[in-house]
Amino acid sequence: MLIVLGVLFLLFSACAMLYQADARRGAFAIVRTNINVRTGLRVAAWLVFAITLVMLAGMQGWERGIPVWLGLFTAVFVLGLFLSAQKPGWHGPAGMVSLAVGLVLAIGSVVV
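Bear in mind the structure is a predicted one, so any value in this text is a computation, not a measurement.

**Q** If you had to explain a nonpolar patch on the surface to someone new, which residues and values would you point to?
**A** On the surface, Met1, Leu2, Leu5, Phe9, Val97 and Val101 cluster together into a nonpolar patch covering about 530 Å² of accessible area. The topology assignment puts valine 97 in helix H5 (residues 91–111). On the basis of relative accessible area, valine 97 is assigned to the exposed category, the value being 53%.

Below, the structure is given as structure tokens:
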């Protein structure tokens, strides 16, 4: 169960990275002005997507891991859309907190 919660938080952080990678929506000035930072956020988001897919596939097998990942991916992106519509400035900080919590949960589930 910890791995699924960790994947949820990591997917939300990837959603926030993709949201922040746009020059118009970036919550931080360095993201809005620097193309290299925006490209780095996009690459990091795709890496997080791949890592979470492998984590779920390793837990449940590829036959179940992919549909579960797609369901979590959809739920997290809908949550991200609601958050960005209601509180646009919260997407960046919430993504950073989500990344930290997701890493702690994912590493904790592997260790335990």
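**Q** With reference to specific residues and values, describe the packing of helix H1 (residues 2–20) against helix H3 (residues 35–60).
**A** Where H1 meets H3, the axes come as close as 8 Å, and the angle between the chain directions of the two elements is 160 degrees. By the angle between their directions, the pair H1 and H3 is classed as roughly antiparallel. In terms of crossing hand, the pair formed by H1 and H3 is left-handed. Contacts from Ile3, Val4, Val7, Leu10, Leu11, Ala14, Met17, Leu18 and Gln20 of H1 reach H3 at Leu41, Arg42, Ala44, Ala45, Val48, Phe49, Thr52, Met55, Leu56 and Met59.

**Q** Run through the packing of aromatic side chains, naming residues and quoting values.
**A** Taken as a whole, this structure holds 6 aromatic pairs when the rule is applied. Relative to phenylalanine 49, the ring of tryptophan 46 has its centre 5.4 Å away and its plane inclined at 80 degrees; by these criteria the two rings are edge-to-face. Residue tryptophan 46 and its partner phenylalanine 49 are both found in helix H3; the two are separated by 3 residues, about one turn of the helix. When its relative accessible area of 5% is taken as the criterion, phenylalanine 49 is described as buried.

Cut-off values and rules
Residues numbered from 1 in each chain as written. Predicted model: local features only at pLDDT ≥ 70, side-chain atom pairs only at ≥ 80, totals over all residues. Heavy atoms only, no water. Patch = residues over 30% accessible without salt bridge, like charges linked within 9 Å, V, L, I, M, F, W, Y side chains within 5 Å. Areas by Shrake-Rupley, 256 points an atom, 1.4 Å probe, with all protein chains shown as cover. Salt bridge = Lys/Arg side-chain N within 4 Å of Asp/Glu carboxyl O. Helix = DSSP H or I, 4+ residues; strand = E, 2+ residues; numbered from the N terminus. Buried < 20%, exposed > 50% of the residue type's maximum accessible area, 1.4 Å probe, protein only. Axes fitted to C-alpha atoms, helices over the stretch in contact; angles between N-to-C directions. Parallel < 35°, antiparallel > 145°, perpendicular 65-115°, else oblique. Left-handed = near helix turned anticlockwise from the far one by under 90°. Contact = heavy atoms within 4.5 Å. Phe/Tyr/Trp six-rings, centres within 6.5 Å; stacked < 30°, edge-to-face > 60°.

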